[in-house]
Amino acid sequence: AQTVTQSQPEMSVQEAETVTLSCTYDTSESDYYLFWYKQPPSRQMILVIRQEAYKQQNATENRFSVNFQKAAKSFSLKISDSQLGDAAMYFCAYRRSDTGTASKLTFGTGTRLQVML
Amino acid sequence: KAGVTQTPRYLIKTRGQQVTLSCSPISGHRSVSWYQQTPGQGLQFLFEYFSETQRNKGNFPGRFSGRQFSNSRSEMNVSTLELGDSALYLCASSLGVAQFFGPGTRLTVL
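None of these values were measured; they are calculated from a predicted model.

S.K.: If you had to explain unusual backbone geometry to someone new, which residues and values would you point to?
M.R.: All names here are of chain B. In this structure, the amide linkage connecting Thr7 to the following residue, Pro8, adopts the cis form with an omega of -10 degrees. Note on placement: Pro8 falls in the loop between strand E1 (5–7) and strand E2 (10–13). Residue Ser72 is not a glycine yet carries a positive backbone phi of 75 degrees. Along the chain, Ser72 turns up in the loop between strand E7 (64–68) and strand E8 (74–78).

The following block contains the structure:
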């Protein structure tokens, strides 16, 4: 079974600074997808960024980028120029590539990010 | 395009009752998945429906069930509620790989 581990329960960052959230996963599959979701206090889970395992290039979405290390099974999220609105719970998630029958997401336990003025 | 909607947003029930939660996916999305979120267990997959058929199921007792209608709207039902069923229930819809979540239904069982 696949597992996702987020070893940092809480992180804090100064506004405008950069922070990196860690995620490791365990799978025997060679092809899969990885995601970072953000859950603000309003509770709505928002997709931040996704990475296909077959792509070597790291995904980037504006201030958010990932460092995907397939051999190490590591998938960290870097937030640049942190803003107050980035404060939230961040979840790393994994899903198999078989979109037909393996659509379920396996989530990590989350990292609570605080942004300081 | 409207996002995923869930009703009701809050629900209070007592032990032994049953409850039905509703989810309307993003227009055009045919896959709907349900997740339970609790402080102790985190986010856990309940089941997924695609074209009115359950395609995937998590490790939950039979008291948890669901269905999907021809317009892709989905409902989940929990019978004989237990205190431990208190949770945030999230619905997500998908057209392909990424899943998009609704705001959730907060269920409290007293």
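S.K.: Describe the nonpolar core, naming the residues involved and giving the relevant values.
M.R.: All names here are of chain A. Of all hydrophobic cores here, the largest spans 25 residues; its most connected members are Tyr25, Trp36, Phe75, Leu77 and Tyr90. Contributions of two or more residues to this core are made by strand E3 (19–21), strand E5 (32–39), strand E6 (46–52), strand E8 (64–69), strand E9 (74–79), strand E10 (88–96) and strand E12 (111–116). A per-element tally of this core places E10 first, with four residues. Residues contacting Tyr90, with those up to four places away along its chain left out, are Gln6, Leu21, Trp36, Tyr37, Lys38, Val48, Phe64, Leu77, Ile79, Gly110, Thr111 and Leu113.

S.K.: Describe the sheet that holds E1 of chain B, naming the residues involved and giving the relevant values.
M.R.: All names here are of chain B. Here we have four strands laid out as an open sheet, ordered E1-E3-E8-E7, and antiparallel in their pairing. The open sheet terminates on both sides in strands that have one partner only, identified here as E1 and E7. Pairwise comparison of adjacent strand axes, ignoring direction, gives a mean angle of 20 degrees for this sheet. As paired strands, E1 and strand E3 (residues 19–24) are joined by three bridges and run antiparallel to one another. Counted as the bridge partner of Gln6 is Cys23 from E3.

S.K.: Please give an account of the interface of chain A and chain B that cites residues and values.
M.R.: Contacts between the two partners involve 20 residues from chain A and, on the opposite side, 21 residues from chain B. When chain A packs against chain B, close to 1,800 Å² is buried across both sides, 52% of that on carbon and sulfur atoms. On the surface where chain A and chain B come into contact, there are zero salt bridges. The interface formed by chain A and chain B contains five residue pairs in polar contact (both at pLDDT 80 or more). Going through the elements one at a time, E5, E6 and E10 of chain A are the ones with two or more residues in the side of chain A that touches chain B. At four residues, the largest contribution of residues to the side of chain A that touches chain B is made by E5 of chain A. Its residues placed into classes, the side of chain A that touches chain B shows nine nonpolar, seven polar and four charged.

S.K.: Tell me about the side chain of Gln39 of chain A, and name the residues and values.
M.R.: With respect to the helices and strands, Gln39 of chain A occurs in strand E5. A distance of 2.9 Å separates a polar atom in the side chain of Gln39 of chain A from a polar atom in the side chain of Gln37 of chain B. With near-sequence residues (within four places) excluded, Gln39 of chain A lies in contact with Gln44, Met45, Ala88, Met89 and Phe91 of chain A together with Gln37, Leu88 and Leu90 of chain B.

What counts, and where the lines are drawn
Residues numbered from 1 in each chain as written. Chains lettered and ligands numbered in written order. Predicted model: local features only at pLDDT ≥ 70, side-chain atom pairs only at ≥ 80, totals over all residues. Heavy atoms only, no water. Helix = DSSP H or I, 4+ residues; strand = E, 2+ residues; numbered from the N terminus. Core = buried A, V, L, I, M, F, W, Y, C linked by side-chain atoms within 4.5 Å. Buried < 20%, exposed > 50% of the residue type's maximum accessible area, 1.4 Å probe, protein only. Contact = heavy atoms within 4.5 Å. Pairing = 2+ DSSP bridges. Axes fitted to C-alpha atoms, helices over the stretch in contact; angles between N-to-C directions. Buried area = accessible area lost by both parts, 1.4 Å probe. Salt bridge = Lys/Arg side-chain N within 4 Å of Asp/Glu carboxyl O. Polar contact = N/O pair within 3.5 Å; in protein donor to acceptor, adjacent residues only side chain to side chain. Nonpolar A, V, L, I, M, F, W, Y, C, P; charged D, E, K, R; others polar.

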